[in-house]
Amino acid sequence: NQVRNLGVNRDITHNTATGVVPTSVIIELLATLAGTGGSATDCKNSAAAVSTATTVPGMVAYGTTLHPQGSDYVTVSIPFTPATLSAGELASLSTQCANITGNLSGFFGICASCRMGAPGASKQ
């Protein structure tokens, strides 16, 4: 139940293993329990060990982008599309994440600055 501020260029594609920056990306978010049976408080790299037993429903996510409005720009929120993963898709994500975190440590796919909070927000 937190806001995370991630930028595709800043956090995801800035440091690829091959040095090639993709021209487009797909962001897939997966809600999981933290730790065994939800007993932990940190989900760091949990997608590498995800299974149907650890996924949970109910995530809400939005992407934002700038759109021109007259001589200025406005921020537009775009809701992510909820979907249920097949067993094959879930296994593929888990394998990809395990490869990235185990073999490509520090490169593409590992968020460099998972910031909490929304841009422009002030701490209460």
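Everything numeric here is computed off the predicted structure, so don't read it as measured data. (Residues numbered from 1 in each chain as written. Predicted model: local features only at pLDDT ≥ 70, side-chain atom pairs only at ≥ 80, totals over all residues. Heavy atoms only, no water.)

This part is about the overall build of the chain. The helix and strand inventory of the chain stands at 2 helices and 4 strands. Listed by position from the N terminus, the elements making up the chain come as β-α-β-β-α-β. For the chain, buried positions account for 15% of its 124 residues. A total of about 9400 Å² of accessible surface is found on the chain, and carbon and sulfur atoms cover 55% of it. (Helix = DSSP H or I, 4+ residues; strand = E, 2+ residues; numbered from the N terminus. Buried < 20%, exposed > 50% of the residue type's maximum accessible area, 1.4 Å probe, protein only. Areas by Shrake-Rupley, 256 points an atom, 1.4 Å probe, with all protein chains shown as cover.)

Our next topic: a nonpolar patch on the surface. Among the surface-exposed residues, V8, V25, I27, L29, M59 and F80 lie close enough to one another that they form a single nonpolar patch of about 450 Å² accessible area. Looking at where I27 falls in the secondary structure, it is placed in the loop between helix 1 (8-12) and strand 2 (62-69). The class of I27 is partly exposed, set by a relative accessible area of 38%. (Patch = residues over 30% accessible without salt bridge, like charges linked within 9 Å, V, L, I, M, F, W, Y side chains within 5 Å. Salt bridge = Lys/Arg side-chain N within 4 Å of Asp/Glu carboxyl O.)

In this sheet, strand 3 (residues 72-79) lies alongside strand 2 in antiparallel orientation, the contact comprising 8 bridges. Bridge pairing in strand 3 places P68 opposite Y73. Connecting strand 2 to the next strand, strand 3, in antiparallel fashion are 2 residues, including G70 with a positive phi near 65°. (Pairing = 2+ DSSP bridges.)

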